[in-house]
Amino acid sequence: DNKENSLGYWRIAKIAATILLVLSLSYLLYDKSNLGSEAKLISKSELITKENPKGQKSTIFLKDGSKVILNADSKISYLKPFDEDQRVVALEGEAFFEVAKDKDRPFKVVSGVITTTALGTSFNIKAYPEVEQVKVSLATGKVKIARSDNGDLTSIVHFLEPGEELTYSPISGYTKTLFDKEEVLAWKDGIIYFKNADAEKVILKLEKWYGVEINTTNESSRKWSITAKFDNQSLENVLKSLAYSEKFDYSL
């Protein structure tokens, strides 16, 4: 049926996204013109993967001094040790990066077909495969963003200043805007932030945040527009508050 077809599509899309991330990581890390050196590098390197299920977040400290706060339902992969002239991490999902400065080794994050490059800065990347878009939000410093699959040779390069966000989608291309830091970055501090969110957005975020499945019945035709934040609150406390404002009953 349609549900099974939809689930099958997303499984295929997730596998394809994972393959793309690995291929992009390999492209950036290895010099194709020197197969001998490449084989030697692979033999000395280990592919590290850190993955969070729904309902779990983690903080990862890399050997170069960089810090990665990895959101729920997200994964990063990188080679240990990093290459001598660059530091490359592949991301699927959402993470906040605090990059240690190293002028000789730029820090690159491959998320889908987009590569974000920084020397020493902090930024957020949101790249869940099912959404089919990549958002790069710069908190401090400066980053360069380009298409990974073009090797930065023919693609247009975009630069961000603090407070700017670049959104890429295969349909609409690139869009640069200012962003609300509290709305975009609150998650890394354990804060759920909703801004004019409808019921679908609220439910999807709660499912991912707490690692639960939410079923709805007898839905109201009235559209939600929730603006609220919950600082390290339990699911029951969040539901209690939402139920009061939106007039619904719930059970755990």
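The structure reproduced in this document is the subject of the present report. (Residues numbered from 1 in each chain as written. Predicted model: local features only at pLDDT ≥ 70, side-chain atom pairs only at ≥ 80, totals over all residues. Heavy atoms only, no water.)

Observations concerning the overall build of the chain
- Check the secondary structure of the chain and you find five helices and 15 strands.
- For the chain, the residues scored as buried account for 42% of the 252 residues in total.
- Within the chain, contacts between residues at least 6 apart in sequence are counted, and of these 48% link residues at least 24 apart.
- For the chain, the accessible surface area stands at approximately 14,400 Å², while carbon and sulfur atoms represent 52% of it. (Helix = DSSP H or I, 4+ residues; strand = E, 2+ residues; numbered from the N terminus. Buried < 20%, exposed > 50% of the residue type's maximum accessible area, 1.4 Å probe, protein only. Contact = heavy atoms within 4.5 Å. Areas by Shrake-Rupley, 256 points an atom, 1.4 Å probe, with all protein chains shown as cover.)

Digging into the nonpolar core
- By size, the foremost hydrophobic cluster in this structure holds 29 residues, and its most contacted members are F97, F123 and I125.
- With four residues, strand β5 (residues 87–98) is the single largest residue contributor to this core.
- F96, A139, F179 and L239 belong to the second largest nonpolar core, which has 20 residues in total. (Core = buried A, V, L, I, M, F, W, Y, C linked by side-chain atoms within 4.5 Å.)

Examining helix α4 (residues 199–210)
- The end-to-end C-alpha separation of α4 is 16 Å, in line with the 16 Å expected for twelve residues at 1.5 Å each.
- Just past α4, the residue G211 takes up positive phi, approximately 70 degrees. (Expected span 1.5 Å × (residues − 1).)

Section: the packing of α4 against helix α5 (residues 235–246)
- It is at 11 Å that the axes of α4 and α5 come closest, and there the two elements cross at 165 degrees. Regarding the angle of α4 to α5, the classification is roughly antiparallel. Pair α4 / α5 crosses with right-handed handedness. In this structure, α4 contributes V202, L206 and Y210 to the contact, and α5 contributes L235, V238, L239 and L242.
- The residue inventory of the contact of α4 with α5, partitioned by class, reads seven nonpolar, no polar and no charged. (Axes fitted to C-alpha atoms, helices over the stretch in contact; angles between N-to-C directions. Parallel < 35°, antiparallel > 145°, perpendicular 65-115°, else oblique. Left-handed = near helix turned anticlockwise from the far one by under 90°. Nonpolar A, V, L, I, M, F, W, Y, C, P; charged D, E, K, R; others polar.)

Digging into the packing of aromatic side chains
- Enumeration over the complete set of coordinates arrives at six aromatic pairs.
- Geometrically, the ring pair formed by Y168 and Y174 is tilted, given 4.9 Å between the ring centres and 50 degrees between the ring planes.
- One aromatic cluster is present, formed by F97, F107 and F123 through successive ring pairs.
- The residue whose ring lies beneath K57 is W209, and the NZ or CZ to ring-centre distance is 3.4 Å. (Phe/Tyr/Trp six-rings, centres within 6.5 Å; stacked < 30°, edge-to-face > 60°. Lys NZ or Arg CZ within 6 Å of the ring centre and 35° of its normal.)

Focus: unusual backbone geometry
- Cis peptide bonds are those with omega within 30 degrees of zero, and the linkage from K80 to P81 qualifies with 0 degrees.
- When you line up the elements, P81 lands in the loop between β4 (74–80) and β5.
- One non-glycine residue with positive phi stands out, namely N218, at about 50 degrees.
- Structurally, N218 can be placed in the loop between α4 and β15 (226–231).

Let's talk about the side chain of S74
- Locating S74 in the fold gives a position in strand β4.
- Assessed through its relative accessible area of 2%, S74 is described here as buried.
- Residues in contact with S74, not counting those within four places in the same chain, are K50, E51, N52, E92, G93, E94 and Y128.

Examining the pairing of strand β10 (residues 143–147)
- Two elements, strand β7 (residues 114–118) and β10, share five bridges in a ladder whose sense is antiparallel. Considered in β10, the bridge of A118 is made with V143.
- Sheet topology places β10 next to strand β11 (residues 158–160); three bridges connect them, and they run antiparallel. Of the residues in β11, the one forming a bridge with V143 is L160. (Pairing = 2+ DSSP bridges.)

Topic: the environment of L119
- Summarising the element assignment, L119 is placed in the loop between β7 and β8 (122–127).
- Through-space distance from the C-alpha of L119 to that of P106 is 4.9 Å; in sequence the pair is 13 residues apart.
- If near-sequence neighbours (up to four positions away) are discounted, L119 is found in contact with R87, V99, A100, K101, D102, K103 and P106.

It is worth stressing that arrangement in space is one thing and function is another; only the former is reported here.
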